Amino acid sequence: MARVAIVTGGTRGIGEAISLALQAQGMTVVANYAGNDERATAFTERTGIRAFKWDVSDYDATQAGVALVEAAVGPVDVLVNNAGITRDGTLQRMDEQAWKEVIDTNLGGCFTMAKAVFPGMRDRKWGRIVNIGSINGQAGQYGQVNYAAAKSGIHGFTKALAQEGARFGVTVNAIAPGYIDTDMVAAVPGDVLEKIVARIPVGRLGQAAEIARGVAFLVAEDAGFVTGSTLSINGGQHMY
Ligand code: CAA
């Protein structure tokens, strides 16, 4: 039986590349998304991967959404917590809503999704969870106290849950992407982005497929001894 994988924020950007990589690995993939219906419909038409809509920051909606997914395709074996948003601004200008939305989506989403799938993985003695962190959770970033805190939290979440899953065959790892060529990074003002790219030793933005490559490695059948780790994929921008 093909493994069942769910990728949050899986219909565009890094998430889309991850969905495609897991499909290419022979998994039955389902993509979650929260906002953009048009892009999700186009994604399903193009890839044949079903998309399910709910907001991962909403605990009840997430439990209900995962129940629907499991009724449609079977128990989830692989979870990729990729859904993430930015609300950049210096602390001086950041309001409480910008803080809460980012923490609740980026970090809270890992909790709501893990609550939905981890018990089943534990019972079945096999599971793979990959959480998408960020270079900015490792090193910090001007104008991102919310995002850096959430992503840094993801790295702690990963190491804690890895300890809980280990004896049940459930591995939990993180990837810390650097600056990747996506809509999120395109939203950074041009002059600011130019300075950031100038500090990347490889000399360019990363590609979403280069992050998906790391996910494919971590979720493989023979990756069972890799747990609690963080794989940095950032063109050498931050060596952690
Ligand atoms: N360090 C120190 N000072 C800095 C700085 C830095 N890195 N960046 C800006 N400043 C200074 C500026 O020089 C400026 O000072 P002066 O007024 O004395 O010239 C001051 O801070 C204000 O800078 P801005 O004009 O940029 O301020 P702003 O309020 O218009 O914008 C900002 C602030 C929204 C944070 C903007 O700088 C920005 O968008 N920065 C990029 C944030 C970023 O990298 N986000 C990543 C998004 S992608 C992502 O998150 C994916 C991932 O995982 C990697």
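As a reminder, the structure under discussion sits directly above these lines.
For clarity, every value in this text was computed on a predicted model and none was experimentally measured. Every chain is numbered on its own, with residues counted from 1 as its sequence reads. Restriction of local features to residues with pLDDT of at least 70 applies here, the model being predicted, together with a cutoff of 80 or more for giving and counting side-chain atom pairs; totals for whole chains, interfaces and linings are based on all residues. Values shown for side chains rest on all heavy atoms present in the structure; no hydrogens or waters enter the calculation.

Participant: Can you explain the side chain of asparagine 146? Please cite residues and give values.
Facilitator: Tracing the chain through its elements places asparagine 146 in helix H6 (residues 145-165). As used in this structure description, the phrase polar contact means that two N or O atoms lie within 3.5 Å; if the pair is within protein, one of them must be able to donate a hydrogen and the other to accept it, and residues adjacent in sequence are counted only when both atoms belong to side chains. Among the polar contacts listed, one links the side chain of asparagine 146 to the backbone oxygen of alanine 98, at a separation of 3.0 Å. Only runs of H or I of at least four residues qualify as helices and only runs of E of at least two qualify as strands under DSSP, and these elements are numbered from the N terminus.

Participant: Quick rundown of the site of the ligand? Include the residues and the values.
Facilitator: If even one non-hydrogen atom of a residue comes within 4 Å of a molecule or strand, that residue is called near it. Asp88, Ser134, Tyr142, Tyr147 and Tyr179 are the nearest of the 19 residues found near the ligand. Take arginine 93: an N or O atom from its side chain is 3.1 Å from an oxygen atom of the ligand. Between the ligand and the protein, one listed contact pairs an oxygen atom with a side-chain N or O atom of tyrosine 147 at 2.7 Å. Values of accessible area rely on a 1.4 Å probe in the Shrake-Rupley scheme; residue burial ignores everything except the protein chains shown. When isolated, the ligand has an accessible area of 1,100 Å², and the protein chains bury 56% of it. For the shell around the ligand, the secondary structure elements donating two or more residues are helix H5 (135-139), helix H7 (183-186) and helix H8 (190-198). Residues are grouped as follows: Ala, Val, Leu, Ile, Met, Phe, Trp, Tyr, Cys and Pro are nonpolar; Asp, Glu, Lys and Arg are charged; every other residue, Gly included, is polar. Within the shell around the ligand, the residues separate by chemical class into 10 nonpolar, seven polar and two charged.

Participant: So what's going on with the nonpolar core? Residues and values would help.
Facilitator: Nine residue types can take part in a nonpolar core, namely buried Ala, Val, Leu, Ile, Met, Phe, Trp, Tyr and Cys, and a core is a set of them joined through side-chain atoms within 4.5 Å. Relative accessibility decides the category of a residue: with a 1.4 Å probe and only protein chains considered, values under 20% of the type maximum give buried, values over 50% give exposed, and everything between is partly exposed. Residues Ile6, Trp54 and Ile129 are the most contacted members of the largest nonpolar core, which totals 26 residues. Put simply, the parts of the chain that give this core at least two residues each are strand S1 (4-7), helix H3 (59-73), helix H4 (96-124), H6 and strand S6 (170-177). Looking at this core, the element that brings in the most residues is H4, giving seven residues. By definition in these notes, contact holds between two residues if any of their heavy atoms fall within 4.5 Å. Apart from the residues within four sequence positions on either side, isoleucine 129 is in contact with Leu79, Asn81, Phe118, Met121, Leu161, Val170, Thr171, Val172 and Asn173. Counting residues in hydrophobic clusters, the runner-up holds 25 residues, among them Trp126, Val130, Ile211 and Ala212.

Participant: An account of the environment of leucine 205 is requested, with residue identities and associated values reported.
Facilitator: Mapped onto the elements of the fold, leucine 205 is located in the loop between H8 and helix H9 (208-219). Sequence separation of leucine 205 and isoleucine 180 is 25 residues, and the distance between their C-alpha atoms is 5.2 Å. Those residues in contact with leucine 205 that lie beyond four places of it in its chain are Tyr179, Ile180, Asp181, Val185, Leu193 and Val197.

Participant: Residues and numbers for the packing of H4 against H6, please.
Facilitator: Where helices are involved, their axes are fitted lines through C-alpha atoms of the stretch in contact, as for all axes, and angles between N-to-C directions lie from 0 to 180°. Direction vectors running N to C along H4 and H6 enclose 15 degrees, while the axes themselves pass 8 Å from each other. On the basis of the axis angle, H4 is roughly parallel to H6. You can see that H4 and H6 cross each other, and the crossing is right-handed. Two secondary-structure elements touch here, H4 through Ala98, Trp99, Val102, Ile103, Asn106, Leu107, Cys110, Phe111, Ala114 and Phe118 and H6 through Val145, Asn146, Tyr147, Ala149, Ala150, Lys151, Gly153, Ile154, Phe157, Leu161, Glu164 and Gly165. Per-class residue counts for the contact of H4 with H6 are 16 nonpolar, four polar and two charged. Here is the rule for angles: anything less than 35 degrees is roughly parallel, anything more than 145 is roughly antiparallel, 65 through 115 is roughly perpendicular, and the remaining ranges are oblique. By definition, any crossing whose near helix is turned counterclockwise from its far helix by less than a right angle is left-handed, and any crossing with a clockwise turn is right-handed.

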